[in-house]
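# Chain and residue survey
Here is how the chains run, residue by residue.
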Amino acid sequence: MPVIVEGKCKGIMLAVALVQLIIIQLVGHRLGTLEELIHLLANQPSCVEVGYQFYSRAEMVAIGFHSQWLNGIDYIGQSYSKEVSAAIGFDAGVLSCLEYLEAAPWAEDEEDKVASLLSELRLEAVGAGEVLKRVSTEVVHGNEEGNDNEEVLLKLIRVVLEGKDEKARREMKGLVSKMLHENASQNDLRKESLYSACNDCLQLLRHHFLRAAASDLQDVNQIARQADNLHWILDILIDRQIAEDFLKTWASESELSEAHSKVPAVHRFEVSRVTARLFVGIGKGQLLASKEARCLLLKTWLVPFYDDFGWMRRASKGLDRHLIEDGLSNTILTLPLSWQQEILLAWFNRFLNSGEDCPNIQRGFEVWWKRAFWKRNGEQDRTRQLRITSASIEHS
């Protein structure tokens, strides 16, 4: 039967503090002085509500110590502490605390404190392992944890990629991306594993895209789905700074690029969002690739990207047009000046005939113009001045 007392206690940290207190008396493991532990207990809430049910002796004893401190006892001498310890019963007291910790819910900010303190006390032999299983797989799997983590993460990714409900897929993509970003430094997901999932999506996209180009529109909705999956995985690759191989692969997809115009725009424009994400990654310095790879990307996908831009602008919710335009401008401006000129002059002509259905990369055009003409003329003037100065010195 539960014991009903007049008390309300933040039992988690009180129970941990009580374990510390008992262990000090039991094995002399001094994590701090007894006075410090009593002070720790004193910092816990103590106001009570009548009828609160305590299911473990850990809470009751902790409240008992706390009440003594409130009565003015801020120091317990050795003789008194021994009498109290004997009255508690070491083994039963520790087990009671651990049973409470194992059964009670923990607040998020308590988890690290509980795990850290119990690990320091080395109480595995008396049941702390059961408590720690809640927050760590090391207790169960030991050194195999890394492989297990990767298997779980890959399963989560594949479940999201294959999910049927689009709204739920969008929500879970955001959740999984957030978790992977926060855990990116742990190296628990190998590059090869991510690229395996990426290649599966790319193969499905290629299959359905080429079928649609041949006027077979069965399962044509898979084009948008697999393109969206690729876009999501590309975000993860860029976040982990391992997207260079994807850029090379995408830039080499000449068969898809050539078939692009044969697929109705309503079904194909999601594919160009993948290209747009690469432009943004390059333009923001998130994705560092060779000059040849950047040039091939533009050669393969720039015209299809132009063709789809109007559809992307109208049909893609939340599309940041200016971010994409800046990314494209910066990507072009990373190339040699002669290549910039070829691409930007072609854009100039297209923009004048397409207007809003063509990305506005006027800023990139202006930068190229200054590089090609304004600076060049300035260098010629400086060279002419140097020659005049040199001639004057020679004749003086």
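Above this text sits the structure in question.
Figured I'd write up the structure that's included with this text. Model, not experiment: these values are computed from the prediction.

What follows deals with the packing of aromatic side chains. Under the defined criterion, the tally for this structure stands at 14 aromatic pairs. Look at phenylalanine 305 and tyrosine 306: their rings are 6.4 Å apart centre to centre, the planes differ by 45 degrees, and that puts the pair in the tilted class. The exposure classification of phenylalanine 305 matches that of tyrosine 306, with both residues buried. Aromatic pair tryptophan 369 and phenylalanine 373: ring centres 4.5 Å apart, planes at 40 degrees, arrangement tilted. One end of the pair, tryptophan 369, and the other, phenylalanine 373, are both in helix 19 (residues 362-395), four residues apart, so they sit about a helical turn from each other. Residue classification places phenylalanine 373 among the partly exposed residues on the basis of a relative accessible area of 34%.

Here we take up unusual backbone geometry. Most peptide bonds adopt trans geometry, and most residues besides glycine take a negative phi value. The backbone of aspartate 219 sits at a positive phi, close to 60 degrees, despite the residue not being glycine. Along the polypeptide, aspartate 219 turns up in the loop between helix 11 (191-213) and helix 12 (221-239). Located in the positive-phi region is glutamine 241, a residue other than glycine, with phi close to 60 degrees. Counting through the fold element by element, glutamine 241 comes out in the loop between helix 12 and helix 13 (244-251). Classification of glutamine 241 as exposed rests on a relative accessible area of 61%.

Moving on, we get to the packing of helix 16 (residues 291-315) against helix 17 (residues 321-333). Two elements in contact, helix 16 and helix 17, have axes separated by 13 Å at closest approach and are oriented at 165 degrees. Relative to helix 17, the element helix 16 lies roughly antiparallel. Helix-helix and strand crossings are classified by hand; for helix 16 and helix 17 the assignment is left-handed. Residues Leu298, Leu302, Phe305, Tyr306, Phe309, Met312 and Arg313 of helix 16 form the contact with helix 17, whose participating residues are Arg321, Ile324, Glu325, Leu328, Thr331 and Ile332.

Given 3.6 residues per turn, any residue in an α-helix points the same way as the ones three and four places further on. Here helix 13 has its buried residues at Phe246, Leu247, Trp250 and Ala251. Taken around the axis of helix 13, the buried residues stretch over an arc of 130 degrees, which confines them to a single face. Contacts made by the buried residues of helix 13 are with helix 11, helix 12, helix 15 (265-283) and helix 16.

Moving on, we get to a nonpolar patch on the surface. A contiguous nonpolar patch, built from Val152, Leu156, Met172, Leu175 and Met179 and spanning about 400 Å² of accessible area, is present on the exposed surface. Ranked by residues supplied to the nonpolar patch, first place goes to helix 10 (residues 166-182) with three residues. Looking at the secondary structure, you find leucine 156 in helix 9 (residues 145-162).

As a further point, take the state of the cysteines. Applying the stated rule across the entire model yields zero disulfides. No disulfide involves cysteine 198; its sulfur sits 6.8 Å from that of cysteine 201, the nearest cysteine.

Another aspect to go through is the pattern of salt bridges. This model, assessed by the stated rule, comprises 19 salt bridges. Residues arginine 225 and glutamate 166 are paired through a salt bridge, measuring 2.9 Å at the closest nitrogen-oxygen approach. Linking arginine 225 in helix 12 with glutamate 166 in helix 10, this pair joins segments that are 59 residues apart in sequence. Overall, the relative accessible area of 16% leaves arginine 225 in the buried class. Among the residues examined, glutamate 166 registers a relative accessible area of 35% and is labelled partly exposed. The partner of aspartate 326 in a salt bridge is arginine 363, and the shortest N-O contact between them spans 3.9 Å. Here arginine 363 lies in helix 19 and aspartate 326 lies in helix 17, a separation of 37 residues in the sequence. You can call aspartate 326 partly exposed: its relative accessible area is 38%. Residue class for arginine 363 comes out partly exposed when judged on its relative accessible area of 37%.

Basis of the calculations
Residues numbered from 1 in each chain as written. Predicted model: local features only at pLDDT ≥ 70, side-chain atom pairs only at ≥ 80, totals over all residues. Heavy atoms only, no water. Phe/Tyr/Trp six-rings, centres within 6.5 Å; stacked < 30°, edge-to-face > 60°. Buried < 20%, exposed > 50% of the residue type's maximum accessible area, 1.4 Å probe, protein only. Helix = DSSP H or I, 4+ residues; strand = E, 2+ residues; numbered from the N terminus. Axes fitted to C-alpha atoms, helices over the stretch in contact; angles between N-to-C directions. Parallel < 35°, antiparallel > 145°, perpendicular 65-115°, else oblique. Left-handed = near helix turned anticlockwise from the far one by under 90°. Contact = heavy atoms within 4.5 Å. Arc of directions from axis to C-beta. Patch = residues over 30% accessible without salt bridge, like charges linked within 9 Å, V, L, I, M, F, W, Y side chains within 5 Å. Areas by Shrake-Rupley, 256 points an atom, 1.4 Å probe, with all protein chains shown as cover. Salt bridge = Lys/Arg side-chain N within 4 Å of Asp/Glu carboxyl O. Disulfide = S-S within 2.5 Å.

These figures capture arrangement, not role.
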